[in-house]
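Architecture and fold: a report
Next come the chains, spelled out residue by residue.
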Amino acid sequence: MTKSELKTTEFNEYYNRYIDKLTDETELISGFITGKNKVISFFESIPDEKLEYRYQPKKWTIKEAFQHLIDTERIFMYRCFRIARNDKTAIEGFEQDDYVIPSEANLKSREDLLEEFRINRENSIMILKSLSKKNLCFNGLSNGDVMSARSAAFTILGHDIWHMEVIQNKYL
């Protein structure tokens, strides 16, 4: 299943900012595998002294941004899984900023964040492998809008790229 198969009716237009970061040829499961390696390499390459840097006083640190990627993947894979199981119960949204302080990301080592990311990504890959193409095409209601299971998953991949670009351009 590739990004080119997605229809714009499967997700809120807000998510275009992430999905548009992917090429049309991006394949879902292999995208999660190669994306895992890119994210790990990217965060391993950041100098230690930059990990708790903020480019403005109220912006997240790099560690907090990394934790945000992990937390968002958890939430979007939960959405993907519920929708793929044809659960028609509306899924509530979440306020990303409310997750930052209790995450205590700045108290975690880079190694701990990398391990948390690896384990979470492996779980996401296994979930995606367990879902059929038919199930990934199911639509549900998430945060008040239509979302397909596959669009929730593709959003994760583009979301990673989006934030790595922000870090590269504003933090490093």
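Here, the structure is the one placed above.
The rules behind each value
Residues numbered from 1 in each chain as written. Predicted model: local features only at pLDDT ≥ 70, side-chain atom pairs only at ≥ 80, totals over all residues. Heavy atoms only, no water. 1 Å grid on protein atoms, 1.4 Å probe; cavity = no way out; pocket = protein on both sides within 12 Å on 5 of 7 lines; lining within 4 Å. Points joined across faces, edges and corners; volume = space filled by probe spheres on them. Helix = DSSP H or I, 4+ residues; strand = E, 2+ residues; numbered from the N terminus. Nonpolar A, V, L, I, M, F, W, Y, C, P; charged D, E, K, R; others polar.

1. Some details on empty space enclosed by the protein
To locate leftover empty space, one rolls a probe as large as a water molecule over the atoms. Per the counting criterion, the structure on display carries two cavities of 30 Å³ or more. Every residue along the wall of the largest cavity is listed here: Glu64, Gln67, His68, Asp71, Gln96, Tyr99, Val100 and Ser103. Listed by contribution, the elements that provide at least two residues to the lining of the largest cavity are α3 (62–84) and α4 (96–103). Here the residues of the lining of the largest cavity sort into two nonpolar, four polar and two charged. Of the volumes computed, that of the second largest cavity is approximately 30 Å³. What lines the second largest cavity is Phe43, Leu51, Lys63, Phe66, Arg110 and Leu113. If you list the elements that add at least two residues to the lining of the second largest cavity, you get α3 and α5 (110–130). Residues belonging to the lining of the second largest cavity are distributed by class as follows: four nonpolar, no polar and two charged.

2. Quick notes on the layout of surface pockets
If you add up the space inside the largest pocket, you get close to 340 Å³. Along the walls of the largest pocket sit 16 residues, with Lys59, Trp60, Gln96, His163 and Val166 positioned nearest its centre. Elements supplying a minimum of two residues to the lining of the largest pocket: α1 (16–19), α3, α4 and α7 (149–170). A per-element tally of the lining of the largest pocket places α7 first, with four residues. Residues of the lining of the largest pocket, tallied by class, amount to nine nonpolar, three polar and four charged. Taken as a whole, the second largest pocket spans an internal volume of roughly 270 Å³. Taken together, 18 residues make up the lining of the second largest pocket; nearest its centre are Tyr14, Tyr15, Phe76, Phe94 and Asn143. Of all the secondary structure elements, the ones that give two or more residues to the lining of the second largest pocket are α3 and β2 (145–148).

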